[in-house]
Amino acid sequence: MKPVRIGLLGLGTVGCGTVQVLARNGDEIARRAGRGIVVVAAAVRDLARERECDLDGVRLTDDPASVVDDPDVEVVVELMGGTEPARTLVLQAIAAGKHVVTANKALIALHGNEIFARAQEKGVVVAFEAAVAGGIPIIKALREGLAGNRIDWVAGIINGTGNFILTEMRDHGRDFGDVLAEAQRRGYAEADPTFDVEGIDAAHKLCILAAIAFGIPLQFERIHVEGISGITREDVTFAGELGYRIKHLGIARRAEGGFELRVHPTLIPERRLIANVDGVMNAVLVMGDAVGPTLYYGAGAGAEATASAVVADLVDVVRALTADPENRVPHLAFQPGALSDLPILPMAEVRTSFYLRLRAHDRPGVLADITRVLGAHSISIEAILQREPDPERGEATIIILTHQVREGDMQRAIDEIEALSHLSSPVTRIRMESLAR
Ligand code: NAP
Ligand code: HSE
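Residues numbered from 1 in each chain as written. Chains lettered and ligands numbered in written order. Predicted model: local features only at pLDDT ≥ 70, side-chain atom pairs only at ≥ 80, totals over all residues. Heavy atoms only, no water.

**A word on the pairing of strand β17 (residues 428-432)**
Then, in step 1: The pairing of strand β10 (residues 258-269) with β17 spans two bridges and is parallel. Along β17, the bridge assignment pairs Thr266 with Arg431. (Pairing = 2+ DSSP bridges. Helix = DSSP H or I, 4+ residues; strand = E, 2+ residues; numbered from the N terminus.)

See below:
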């Protein structure tokens, strides 16, 4: 049988990685897919730039629409990033009846509802495994492997750049900006790296995971997002002394009356496997009602790790070329007419435990006043740690770990504690998750 001809939009980190993997593993891939896969055209911005992959036989252009329109191209692989012109080009490919593979989480999170509706109408596949957690096949695991479960929650380290930065800062005391620059050199970071450090990239991925886990529409704008730029070395040290690690987690949880969708730094017990996922590695922990917890681990970014997921999607697409559209796996796991309309809960309704760090004046009655405020809001304390007061500044650092509490109650208690005039700076507050059942 003749090989399937694909066109690439983008030949950067992931695009070149994809060309390399297809070239090196071509025979194995053809044995799996039933047909070979050959790159016939590729679009880039800068035609003069040197590429790190062998482009023999590939038509190179700076006009991406010409790749989509090329009658020789059967499958379009979008690896350019950003929402425009990616959205227009993907819709153009769908309109032409071409299957699409993309690694673009921003595109899927923000425009997936529209893209999948169009794809459904045209009977084509839009595959996006590489959009979440790099090389980890988490989309396939959630959409197919766990299809017998009611998913209760998903919690993941889903940004490789952020985890790389946190690990290097903790283990080697390196400077934030210096590690970020290295992540950029290694091709991990987004074109705009604030997407990585401010949690936007993780929120794009969480949006996709939640849709697939719970059968809800993609709702990026409802996600609570906090980044890693506020994490101090001091908090990392205190957390360690109490038996916790600080990780940047995306959490999607089925709760009473709706779903929690949130991305923020989180204390997790250091005995959990996921607390020990370091560097560019990602991990996603999924709680299914039948299977219990399952953990998926692997490289969250990088050329060939991500290409692994792109090529797996290509193999699925090649197989789909011979299957009836009605018999394919639905894009978001659930049949399009069977999505849930339960709401995403506001953060004030979310229940979680907290790590609080307070810098208080060293005088009698301070701790009693603080614990009284917490008690008045029914916030129960799991542990308290007070550091030796600094006599020069007349200040003591107090760390409090709480049991679970409604976030709205915690916020009110913090407001009251800050109004007591016992503190020399605002309360630092990091959420905690046990990640047990
Ligand atoms: P990249 O290295 O910046 O590559 C982007 C490519 O797209 C470049 O070849 C660029 O051309 C081309 N391009 C961009 N805009 C274009 C335009 N308007 N017309 C023609 N070509 C255009 O990005 P990347 O890291 O490979 O990421 C690509 C996608 O994969 C993004 O959606 C990203 O979020 C996602 N992703 C990346 C990783 C990773 O580890 N890097 C992992 C998972 C998912 P030039 O080379 O000429 O500039
Ligand atoms: N910038 C992303 C990350 C790429 O660091 O996780 C993988 O999606």
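Still more ground to cover, so stick around.
**Digging into the site of ligand 1**
Then, in step 1: Inspection of the region around ligand 1 gives 25 residues, with Asp46, Arg49, Arg51, Lys105 and Gly302 positioned closest.
Then, in step 2: A distance of 3.1 Å separates an oxygen atom of ligand 1 from a polar atom in the backbone of Gly12.
Then, in step 3: The contact in question runs from an oxygen atom of ligand 1 to an N or O atom on the backbone of Val14, over 2.9 Å.
Then, in step 4: Here the shell around ligand 1 is composed, by residue class, of 11 nonpolar, eight polar and six charged. (Near = heavy atom within 4 Å. Polar contact = N/O pair within 3.5 Å; in protein donor to acceptor, adjacent residues only side chain to side chain. Nonpolar A, V, L, I, M, F, W, Y, C, P; charged D, E, K, R; others polar.)

**Details of helix α7 (residues 160-172)**
Then, in step 1: The terminal C-alpha atoms of α7 lie 17 Å apart, and with 13 residues this matches the ideal 18 Å at 1.5 Å per residue to within 8%.
Then, in step 2: Of all 13 residues in α7, 10 are buried, a share of seventy percent or more.
Then, in step 3: Among the residues of α7, those classed as buried are Gly160, Thr161, Gly162, Asn163, Phe164, Ile165, Leu166, Thr167, Glu168 and Met169.
Then, in step 4: Where α7 is buried, its residues contact β7 (151-157), α8 (176-185), α9 (194-197), α11 (233-241), β9 (244-255) and β11 (281-288).
Then, in step 5: In this structure Asn159 caps α7, since a side-chain oxygen of it lies 3.3 Å from the backbone nitrogen of Thr161. (Expected span 1.5 Å × (residues − 1). Buried < 20%, exposed > 50% of the residue type's maximum accessible area, 1.4 Å probe, protein only. Contact = heavy atoms within 4.5 Å.)

**Thoughts on the packing of aromatic side chains**
Then, in step 1: Under the definition given, this model contains three aromatic pairs.
Then, in step 2: Summarising the aromatic geometry, the rings of Phe116 and Phe128 are spaced 5.4 Å apart at their centres and angled 40 degrees between planes, so their arrangement reads as tilted. Pair noted here: Phe116 is in helix α5 (residues 105-122) and Phe128 is in the loop between β6 (126-127) and α6 (138-145), with a separation of 12 residues, a long-range link.
Then, in step 3: For Phe116, a relative accessible area of 6% translates into the label buried.
Then, in step 4: Relative to Phe259, the ring of Phe214 has its centre 4.6 Å away and its plane inclined at 20 degrees; by these criteria the two rings are stacked. Of this pair, Phe214 sits in helix α10 (residues 200-214) while Phe259 sits in strand β10, and the two are 45 residues apart along the sequence.
Then, in step 5: In this structure Phe259 comes out as buried when scored by relative accessible area, which is 1%. (Phe/Tyr/Trp six-rings, centres within 6.5 Å; stacked < 30°, edge-to-face > 60°.)

**Observations regarding the environment of Glu50**
Then, in step 1: When you line up the elements, Glu50 lands in the loop between β2 (37-43) and β3 (59-61).
Then, in step 2: Taking the C-alpha atoms as reference points, Glu50 and Gly12, 38 residues apart in sequence, are found 10 Å from one another.

**A look at the domain arrangement of the protein chain**
Then, in step 1: Considered domain by domain, the protein chain is made up of domain 1 (4-135 + 303-338), domain 2 (138-299) and domain 3 (351-432).
Then, in step 2: Computed from C-alpha atoms alone, the centre-to-centre distance between domain 1 and domain 3 is 51 Å. (Domains from an automatic or database assignment.)

**Looking at the sheet that holds β6**
Then, in step 1: As summarised here, the arrangement of the six strands in space is β3-β2-β1-β4-β5-β6, forming an open sheet in which the pairing is parallel. The open sheet terminates on both sides in strands that have one partner only, identified here as β3 and β6.
Then, in step 2: In terms of strand pairing, strand β1 (residues 4-9) meets strand β4 (residues 75-78) through four bridges, oriented parallel. What sits directly across from Ile6, in β4, is Val75.
Then, in step 3: Along the sheet face, helix α12 (residues 303-320) touches β1, β2, β4, β5 (99-102) and β6 and points at about 165 degrees away from the line of β5. (Axes fitted to C-alpha atoms, helices over the stretch in contact; angles between N-to-C directions.)

**Some words on the pattern of salt bridges**
Then, in step 1: Overall, the coordinates contain 39 salt bridges when judged by the stated rule.
Then, in step 2: Salt-bridge contacts for Arg87 lead to Glu84; the nearest nitrogen and oxygen are separated by 3.0 Å.
Then, in step 3: Among the residues examined, Glu84 registers a relative accessible area of 43% and is labelled partly exposed.
Then, in step 4: Note that Arg253 is salt-bridged to Glu260, the shortest N-O span being 3.5 Å.
Then, in step 5: Overall, Glu260 belongs to the buried group, its relative accessible area being 4%.
Then, in step 6: Bridged by salt links that share partners, the residues Glu168, Arg174, Asp178, Glu182 and Arg186 form one connected network. (Salt bridge = Lys/Arg side-chain N within 4 Å of Asp/Glu carboxyl O.)

**Considerations on the site of ligand 2**
Then, in step 1: Around ligand 2, the surrounding shell consists of Lys105, Asn159, Gly160, Thr161, Tyr188, Ala189, Glu190, Asp196, Asp201, Lys205, Gly300 and Ala301.
Then, in step 2: One nitrogen or oxygen atom from the side chain of Lys105 is found 2.4 Å from an oxygen atom belonging to ligand 2.
Then, in step 3: Contact distances for ligand 2 include 2.6 Å between an oxygen atom and a side-chain N or O atom of Thr161.
Then, in step 4: With the chains in place, 94% of the 260 Å² that ligand 2 exposes on its own is no longer accessible.
Then, in step 5: Among the elements of the structure, α7 and α10 are those that each provide at least two residues to the shell around ligand 2. (Areas by Shrake-Rupley, 256 points an atom, 1.4 Å probe, with all protein chains shown as cover.)

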